[in-house]
Amino acid sequence: MSKAPAARSVAVYSLKGGVGKTTIAVNLAWAAAALSRRSTLLWDLDAQAAATWLLGGERGAQEAQAVFAKDVPPSRLVRETATERLHLLPADASLRSLDRFFFGLAKKRRLEKLLGRIGETYQRVILDCPPGLAETSEQVLRAADLVIVPVIPSPLSQRALAEVVDFLDANDIRRGAILPVYNMVDRRRTMHREALEANPRWPVIPMASAVEAMAGRHEAVGQFAPRSPAALALAELWTAIERRLARKPKAV
């Protein structure tokens, strides 16, 4: 019997907070499971555990970091969600010290190896990363097949993206491609329109009340407002991601 292909991984990452990173991660995970009908794991790596909460889960029992120490197998912590084919590996407060753990471990590819094991069970793994550029971020960026970077159409947000790309290239850290995504876009604003004109090929997710409603409903936008502009834009983004993931994986 031939071995099943390894999971393809998508990291949702930003240098700074407040750019809609977690809501994009949750919606992409839902799209992978519901629209592409793929077995999907959303791995919450952010100690704030917002993705865990949005999917209706509670913080874990302070064991999330133990996965990286190999004290606990990932399968022990994985939970089902209300969406068929979508599972959650929840975050908890133990991840606050994950950067320090990785620094002491001095193994740059521990996360990549864990993803290899998880890939035996899932076809798609979506990683909700903590903001900032530290040891955990480097682990993720070395491992992910594709890195989604939400960008608010503003000079500061775009400057942060440029700094990340320069750092990764200078240190030969990046494995997969980086896909910037304009998020929370309001086309009535001149600054936003000018940003979109400067990068017309970047995907665009509009500012939308439906995205804000996720917090109260604990659902992806596509579940409760499937015809809304935000849901349609997120579905289009996922289609573009699937096309990229369908290409032959890079050799590591």
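Not measured: the values here are computed from a predicted model. (Residues numbered from 1 in each chain as written. Predicted model: local features only at pLDDT ≥ 70, side-chain atom pairs only at ≥ 80, totals over all residues. Heavy atoms only, no water.)

Q: Before we go on, may I ask you to explain the overall build of the protein chain in this structure?
A: Within the protein chain one finds 11 helices and eight strands. For the protein chain, whose C-alpha radius of gyration is 17 Å, the value lies close to the compact-globule estimate of 18 Å for 252 residues. With the C-alpha coordinates aligned to their principal axes, the bounding extent of the protein chain is approximately 50 × 40 × 40 Å. The 252 residues of the protein chain split such that 54% are buried. (Helix = DSSP H or I, 4+ residues; strand = E, 2+ residues; numbered from the N terminus. Rg over C-alpha atoms; globule rule 2.2 N^0.38 Å. Buried < 20%, exposed > 50% of the residue type's maximum accessible area, 1.4 Å probe, protein only.)

Q: Hey, could you run me through the sheet that holds strand β8 (residues 204–206) in this one?
A: The strands that make up a sheet pair up through hydrogen bonds in the backbone, lying either parallel or antiparallel. With mixed pairing, the eight strands of this open sheet are ordered in space as β3-β4-β2-β5-β1-β6-β7-β8. Each edge of the open sheet is held by one strand with a lone partner, namely β3 (79–80) and β8. Here helix α8 (residues 190–198) sits on the sheet in contact with β7 (177–185) and β8, set at roughly 155° to β7. (Pairing = 2+ DSSP bridges. Contact = heavy atoms within 4.5 Å. Axes fitted to C-alpha atoms, helices over the stretch in contact; angles between N-to-C directions.)

Q: Any chance you could explain empty space enclosed by the protein here in plain terms?
A: To locate leftover empty space, one rolls a probe as large as a water molecule over the atoms. Under the defined criterion, the tally for this structure stands at one cavity of 30 Å³ or more. Lining of the largest cavity is provided by Tyr13, Ser14, Leu15, Lys16, Val149, Pro150, Val151, Ser157, Ala160, Leu161 and Val164. Contributing elements (two or more residues each) for the lining of the largest cavity: β6 (146–151) and α7 (155–170). For the lining of the largest cavity, the element with the highest residue contribution is α7, accounting for four residues. Across the lining of the largest cavity, the residue classes tally to eight nonpolar, two polar and one charged. (1 Å grid on protein atoms, 1.4 Å probe; cavity = no way out; pocket = protein on both sides within 12 Å on 5 of 7 lines; lining within 4 Å. Points joined across faces, edges and corners; volume = space filled by probe spheres on them. Nonpolar A, V, L, I, M, F, W, Y, C, P; charged D, E, K, R; others polar.)

Q: Can you help me understand unusual backbone geometry in this one?
A: Residues other than glycine predominantly adopt negative phi, and peptide bonds predominantly adopt the trans conformation. Positive phi, close to 60°, is recorded for Ala49, a residue that is not glycine. For Ala49, the location among the structural elements is in the loop between β2 (40–44) and α2 (50–54). The exposure class assigned to Ala49 is buried, which follows from its relative accessible area of 4%. Here Arg85, not a glycine, exhibits a phi torsion of approximately 75°, which is positive. Tracing the sequence through the fold places Arg85 in the loop between β3 and β4 (86–89). Taking the relative accessible area as the measure of exposure, Arg85 reaches 23% and is therefore partly exposed.

Q: How should I be thinking about the packing of helix α4 (residues 98–105) against helix α6 (residues 135–143) in this particular structure?
A: Helix-helix packing is described using two parameters, namely the angle between the two axes and the distance between the axes. Contact pair α4 / α6: the axes reach a minimum separation of 7 Å and the direction vectors enclose 70°. Accordingly, the angle class assigned to the pair α4 and α6 is roughly perpendicular. Residues Leu98, Asp99, Phe102 and Phe103 of α4 touch α6, and the partners they reach there are Glu135, Thr136 and Gln139. Here the residues of the contact of α4 with α6 sort into three nonpolar, two polar and two charged. (Parallel < 35°, antiparallel > 145°, perpendicular 65-115°, else oblique.)

Q: Could you clarify how one ought to interpret helix α5 (residues 110–118) in this entry?
A: Working note: α-helix, 3.6 residues per turn, so residues spaced by three or four point in the same direction. Residues Arg110, Leu111, Glu112, Leu114, Leu115 and Ile118 constitute the buried set of α5. Against β1 (8–12), β2, α3 (74–77), α4, β5 (124–128) and α6 lie the buried residues of α5.

Q: How do you make sense of the pairing of β7 when you look at a structure like this?
A: Each regular strand displays side chains that alternate between the two surfaces of the sheet. Burial analysis of β7 places seven of its nine residues in the buried class, which makes it a mostly covered element. As judged from the six bridges shared by β6 and β7, these two strands associate in the parallel manner. For Val147, the partnering residue across the bridge sits in β7 and is Ile178. As paired strands, β7 and β8 are joined by two bridges and run parallel to one another. Its bridge partner being in β8, Val185 is matched across the sheet by Pro206. For the segment spanning β7, α8 and β8, crossover handedness is right-handed. (Right-handed = clockwise from strand over helix to strand, strands pointing away.)

Q: Please explain the layout of surface pockets as it appears in this structure.
A: The space that makes up the largest pocket amounts to roughly 420 Å³. Lining the largest pocket are 26 residues, with Gly20, Lys21, Thr22, Thr23 and Met184 positioned closest to its centre. With five residues, the top contributor of residues to the lining of the largest pocket is helix α1 (residues 21–34). Looking at the second largest pocket, its volume works out to about 360 Å³. Along the walls of the second largest pocket sit 14 residues, with Leu179, Arg201, Pro203, Ala240 and Arg243 positioned nearest its centre. Partitioned by chemical class, the residues of the lining of the second largest pocket number eight nonpolar, one polar and five charged.

Q: I would appreciate a short explanation of the pattern of salt bridges in the present structure.
A: Under the definition given, this model contains 14 salt bridges. Lys21 is the partner of Asp46 in a salt bridge, and the nearest nitrogen-oxygen pair spans 3.3 Å. Linking Asp46 in the loop between β2 and α2 with Lys21 in helix α1, this pair joins segments that are 25 residues apart in sequence. The same class applies to Asp46 and to Lys21, which are both buried. Here Arg109 ties to Glu112 by a salt bridge, and the two come within 2.7 Å at their closest N and O atoms. (Salt bridge = Lys/Arg side-chain N within 4 Å of Asp/Glu carboxyl O.)

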